[in-house]
Structure formats: structure tokens, C-alpha cells
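Examination of the molecular architecture
In case you want the letters, here they are:
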Amino acid sequence: MNVLFATVRFEYSRVMTAGRMTWWFVLAAFPVVIAGLIRLFPLNHAKELDTHFVWSGAMYLLVPCITCAMGVLLSAGPAIATELEQRSWVYLATRPNGIFWLLLGKYLVAVAWASTAAIAGLTIGVWFTGQETIVQIWLGMAGLSVLSSMAYAALFMLVGAIAPQRAMLFCVVWTAGVEGFVSLIPAMINRLTVQYRLRALFVDWVQPGDAVQDNPVFAPSLAEGPWYLQILWLVTLTVVFFATAQVIAHKREFTAAAESDI
Amino acid sequence: MTESLRTTSLIQFKSVTKLYGKVLGVNDISLTLSRGAYGLLGPNGSGKSTLLNLLTGQLLPTRGSVRVLGQDPRNNPGLMRQIGYCPGFEGLYTSISGLDWVAFLLEMHGVGRRQARERAGDCMALVGMTHGMNRPIFDYSRGMRQRTKIAQAIAHDPQLLILDEPLSGLDPVGRAEMTEVFRQRIADGGSLILASHVLHEIEAVTDSFLLISGGRLLASGTANEVHELLFDLPVEIQIRCNNLQRLSSLIMEHGLADSVSLERSQSGAELLRVATRQTAEFADQLPNWITKYDLCVNEMQTADDSLQALFNSLMKIHRGEL
């Protein structure tokens, strides 16, 4: 455990730079700014809609979906690539279980970095909702933010292990294609997406109203079963993604010895 | 150290070949080394770094097997505790201090935080970095970075140090100091593999070496052992005199040379290169020719007896020139 603490502490000190902290504030400000704009410039037909449905839906999209995914995209996606590019990989890979601890440390720091930015943004942004259900929305979104950050960090780490040189690009493509589109397809395949589980938890915890459950587009793409089953699924997906990333990182020859270094 | 550890070979390569796609990294190397210090010598691109990456388990051989201290180095935490590696490139985190970097790498060996900082401080002092160890690495000169890399390699007191061009970027004083650090480790019973393309760097640390070129192992052993291999090879003699044409024809008439070549330098001076196995006969005849044909020999030298000469000979054999 000493090694894990050392790795987390070291990685954490590396993200506490001015540049990385600026990005953290930008991420945290994102849901605040958008929620403020929604409050300032409401749509004309919004008055006809259930405001709890509108605000909880907006916060779900802004915080666990966009802020968390963006946060871990910036931190977990290029985790392996940055070590390879600056050629520091070999120093860590030649330590006992160095690759394992490195990836685990980077993963935990990425989750903490993204989820704290999301929860900070949520804490301020949720005041713009003006809803009586503000506590319910905050609690639901905070829980979803942690779960979303955990699952997406593991997923992006896997993508980064498979294609380190194009990690960010492939993470964006995967998120848009699979998490954005495939998760809405009412078929077996959407059950393997993170979004499918997060949406079910959102509906269960925040209770956005019948407008979601009765919607002919969204209803088939909502997972059935109790909340703990959805969490079990998310944890399973997270473990599978992260373990696969570890296996790939251990199997591949991520040496800095390019052909020019023979 | 237990008896089994003492008797285990340091390194064992069995028909190891490493390909990068179609590019050959190392080619069919078989080698067993006992514990000790070895220089890995070869020109740039000869396969030194590939060999070291195979030793540290960063690369898998395409064919054959590699054993270090009797174990497979690939994903082997137990072995990583016994190896210290200083790569040939920098790859340091520039935003943190050298002390923090070395301490963190020690903590990755399971050393407690306080103990790691103490030990890291001692190692930074050993490599002459006490004055700069708390400054961020981006502030370091190339020599200071090189010293920091050496400190991280020795900090956990490994049995085997693997060093890839460890003295590059160091000034003469730094080279001497780091050479002394390596010698001290050898004297303390540690094993060491030092890769370099600079011969005197290796000669200053050890007289046992491996010569590698084109991914192939040309020779291994001490300088004397390799000289014995070359015993029957022709010796090259360079001569400058007032009548090189006459001298070359005399050498050929008496059958005393394997080859003779006449060269002209940029300044216009001529030089005769003679490759001969009959050095004694040649030495007997030359004074007679000088007297009889009124030759005036201005300069005569053979390739010196250094590792450089040995290396040149082995490279010529490898290229089929001898």
C-alpha cells in the first residue's frame, strides 16, 4: 500500500501545476456557466415543461456526462502516452510491479481530478435550478459524477493502452460513437455501455418524471432492474476496462527504444 | 548472498534475435556471463540499446531466451529489485526536484517515505548532486541530469547495474567521479554492464567487454583473451619513406605481405600500408633494403595495442576485410 500512496501522492503533485489547475477550473465552471445561461435565457416553450425534468436532465447532461467525461479524457486518456512521449516510462517499468502501480495511481488521480471538478461545478450550478428538489438533484448528480468518472477513466485508460499515440482522438470517437449513439440503440449491445447504466441510475435517483420513462425514444434505452444492479454493472465494466488496460500495458513492448535507438 | 545466487550466471542469452518489423535489432546472440563488470562496446546503431532493453525486460526476444540472474526479466518484480537501470536518454520529469524524483522511485521499491528521502539524499550526494538536488530538474545542466539518472539507478542498491552511455554529457571531472562510483560498486561485489561507443570510458571501468556490431556479438572476454583470438591475423604497418614504390615492390617480391596499398594524403604525402603475418621476417629484411637501396624511412608504425586497435580488427573481420 505504501507504493500506492507514493504513486498517488506523486501523480497528484504533478497535476497541481498552474496549467492543470486552470483546466480544473474551466471544467468546474462549465456546468455553472451553462446552467446560468439557461436560467438567464429560458426557452419560450420551457414554461410548458416540467421544470424538474428540464433542470435535472440538463444537470445530468452537463455534469456526469460532459464534465466528468471531459475531465477523465484530459487526465486518464493520455496517461500512458505522456510517459512514453517524455520517455519516463522505462524508469517506472523497471521497478517492481511499476507499470501496475503507475496505472493505478494515474487512474485514481484522474478520477479524483475529474469528479472533484464536476462536483464543484455541480455545487454552484445546481443553485441556478431554483428547484425544491435541489438536494435530490445534487445527491444524485454527485453519485453519478463519481461513478461516471470511475467508469470513463477506466475506459479511456484502456483506449490509451490500445492506441497511445492517438489516445485522445480515439477516446472522443469512442465516446461519441458508442456512448453517445450505440447506448441509445435498443439492442443487447447498449447494455455494455456506461451511459446505459448511468441513465438508469439517473432516472432511479433523481426521478426526472414520467416524461423520460414514457418517451418512445428513451424508454427502450433505459436499463431495467434496481439501482444496486446498475452499480454492480458499472463496477464490473470499470474493473474489466482497467484490468484489460493493465494486461495490455504489461504485454506490449512500450520501450522507448525506437528503431533509431537500436 | 546465498550460494545459489553466487553461482547463478549474471546473464544468459540463448540464440536471441530481436526484430523490429523487418529491422534487425540483435541477431542470434548466444552468451553466458558470470558475475562481474562488462563493457558493451559498439558503434551507434549496433544493437547495444536493444540488448539492454532485452536485459531489463522492456523487450521480448523475437526468438531465443534471455535470463538475468537466472530469471526471465519480463514482468518480473523480484528481478527488478535486483536491477538498476540508467537508460541512454533523459526522460526525467522536469517540474520536480532530483531528490523528489529519486525518492519517489525508491518508494516504488516499497521503501518508506522518510527512509526513501534519506537514502535518495545520500545517493544524490554520492553522485555529487548535494548542491542541486532540491532544484527542479528543468534547471539542471545535462551533466546534472546524467548524475541524477545514475543516482536513481544505484539508489536501491541493486546487484546488477545496467548503464547505457552513462557518461555522455558529463565534463571530464564528472566522468572521473562517476567512473570512481562505478569502480567502487564493482569493488563492493556488484555486477555492472556499461554500454558505450567510447572505448576509454569502458577501459576505465573494466577490462572485460562484449563487442557488438550490426546486431551481432563479435567477441567477448578480456582484452587479452580477444587478442589471442586475433593471434593469426595480419598486422598492419604504416610506412613513410623516400621511395615507397621501390619498397612496396620489394615487399611483394619477397612475399612478405598479405596486402600492400599506397595512399596519398590531402597534403600530398604518401603512405604505404602493409598487412603482414610475417612480422619477424619483415623486421629482418627492412634494414637490409634500407642499406642496399638507399631508402630513407621517415616513419613506421603499427596499429597500437589498445582496445581501439582490437575493435578495428574485429570490425574488419565482421565486414569480411580480413
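This is a predicted model, so every value here is computed, not measured. (Residues numbered from 1 in each chain as written. Chains lettered and ligands numbered in written order. Predicted model: local features only at pLDDT ≥ 70, side-chain atom pairs only at ≥ 80, totals over all residues.)

1. Description of the overall build of chain A
The helix and strand inventory of chain A stands at 11 helices and 0 strands. Starting at the N terminus and ending at the C terminus, chain A contains elements arranged as α-α-α-α-α-α-α-α-α-α-α. Rg of the C-alpha trace for chain A: 20 Å, near the compact-globule value of 18 Å for 262 residues, within the 12% margin. Along the first, second and third principal axes, the C-alpha set of chain A runs to 70 × 40 × 35 Å. In chain A, which comprises 262 residues, the share counted as buried stands at 45%. For chain A, contacts bridging at least 24 residues in sequence account for 82% of all contacts bridging at least 6. (Helix = DSSP H or I, 4+ residues; strand = E, 2+ residues; numbered from the N terminus. Rg over C-alpha atoms; globule rule 2.2 N^0.38 Å. Buried ≥ 20, exposed ≤ 12 C-beta atoms within 10 Å, placed from the backbone. Contact = placed C-beta atoms within 7 Å.)

2. With respect to the interface of chain A and chain B
Every contact between the two is made by 27 residues of chain A and, on the other side, 34 residues of chain B. Of all the secondary-structure elements, those providing two or more residues to the side of chain A that touches chain B are helix 1 (2-15), helix 5 (89-93) and helix 6 (98-125) of chain A. The element that contributes the greatest number of residues to the side of chain A that touches chain B is helix 1 of chain A, accounting for 5 residues.

3. Comments concerning the sheet that holds strand 7 (residues 191-196) of chain B
All names here are of chain B. On the basis of which strands lie adjacent, the open sheet formed by 6 strands has the order 5-6-7-3-8-9 and mixed pairing. Looking at strand neighbours, the two that pair on one side only are strand 5 (83-86) and strand 9 (216-222), the edges of this open sheet. Adjacent strand axes in the sheet meet at a mean angle of 15° when their direction is disregarded. When strand 6 (residues 160-164) meets strand 7, the two strands line up parallel, connected through 5 bridges. Of the residues in strand 7, the one forming a bridge with Leu163 is Leu194. The strands touched by helix 2 (residues 48-55) within the sheet are strand 3 (37-41), strand 6, strand 7 and strand 8 (208-213), with strand 6 carrying the most contacts at an inclination of about 150°. Running over the sheet, helix 6 (residues 142-154) touches strand 5 and strand 6 and is turned about 170° from strand 5. (Pairing = 2+ DSSP bridges. Axes fitted to C-alpha atoms, helices over the stretch in contact; angles between N-to-C directions.)

4. Some details on the sheet that holds strand 13 (residues 297-302) of chain B
Residues and elements named next belong to chain B. As summarised here, the arrangement of the 4 strands in space is 11-12-10-13, forming an open sheet in which the pairing is antiparallel. The sheet is open, and its two edges are formed by strand 11 (259-264) and strand 13, each paired on a single side. Between one strand and the next, the sheet's axes are offset by a mean angle of 20°, whatever the strand orientation. Bridge analysis of strand 11 against strand 12 (residues 270-276) gives 6 bridges, and the strand direction is antiparallel. Considered in strand 12, the bridge of Arg264 is made with Glu270.

5. Some words on the confidence of the model for chain B
Averaged over all residues, the pLDDT of chain B equals 88, while 91% of them reach at least 70. ipTM for the predicted complex: 0.87, alongside a pTM of 0.83. (pLDDT = per-residue confidence, 0-100.)

6. Topic: the pairing of strand 8 of chain B
Most of strand 8 of chain B sits out of view: 5 of its 6 residues are buried. In sequence, strand 8 of chain B turns back onto strand 9 of chain B through a hairpin of 2 residues, with Gly214 of chain B there showing a positive phi of about 60°.

7. Description of the domain arrangement of chain B
As far as domains go, chain B holds domain 1 (3-229) and domain 2 (235-318). The distance between the C-alpha centroids of domain 1 of chain B and domain 2 of chain B comes to 41 Å. (Domains from an automatic or database assignment.)

8. A word on the pairing of strand 11 of chain B
In terms of burial, strand 11 of chain B is largely open, as just 0 of its 6 residues are buried. The antiparallel hairpin formed by strand 11 of chain B and strand 12 of chain B contains 5 residues in its connecting segment, where Gly268 of chain B sits at a positive phi of about 100°.

9. Structural notes on unusual backbone geometry
All names here are of chain B. For Asn75, which is not glycine, the phi torsion reads 45° and is therefore positive. Asn75 gets classed as partly exposed once you count the C-beta atoms within 10 Å, which come to 16. Of note in the backbone geometry, Asp157 takes a positive phi value of approximately 55° without being a glycine. Relative to the helices and strands, Asp157 is located in the loop between helix 6 and strand 6.

10. What to know about the environment of Gly174 of chain B
Residues and elements named next belong to chain B. Within the element layout of this structure, Gly174 appears in helix 7 (residues 172-187). On a C-alpha basis, the gap between Gly174 and Arg147 in space is 8.4 Å, while along the polypeptide they are 27 residues apart. Leaving out residues up to four positions away in the same chain, Gly174 has contacts with Gly143 and Arg147.

11. Considerations on the nonpolar core
Among soluble globular proteins, nonpolar side chains are generally buried collectively. Val72, Ala110, Ala153, Ala154, Phe156 and Met157 of chain A together with Val102 of chain B are the most contacted members of the largest nonpolar core, which totals 145 residues. With 16 residues, helix 7 (residues 134-162) of chain A is the largest single contributor of residues to this core. The next biggest cluster of nonpolar side chains, apart from the first, holds 7 residues, and it includes Ile239, Ala257, Leu272 and Val274 of chain B. (Core = buried A, V, L, I, M, F, W, Y, C linked by C-beta atoms within 7 Å.)

12. Some words on the packing of helix 6 of chain A against helix 11 (residues 227-251) of chain A
Each pair of packed helices gets described by two things: the angle between the helix axes and the distance between those axes. Residues and elements named next belong to chain A. Closest axis-to-axis distance for the helix 6/helix 11 pair is 10 Å, and the angle between their directions is 140°. Considered as vectors, helix 6 and helix 11 are oriented oblique to each other. In this structure, helix 6 meets helix 11 at a crossing whose hand is right-handed. Within the contact between the two elements, helix 6 uses Ile99, Phe100, Leu103 and Tyr107 and helix 11 uses Phe242, Ala245, Gln246, Ala249 and His250. Among the residues making up the contact of helix 6 with helix 11, the classes are represented as 7 nonpolar, 2 polar and no charged. (Parallel < 35°, antiparallel > 145°, perpendicular 65-115°, else oblique. Left-handed = near helix turned anticlockwise from the far one by under 90°. Nonpolar A, V, L, I, M, F, W, Y, C, P; charged D, E, K, R; others polar.)

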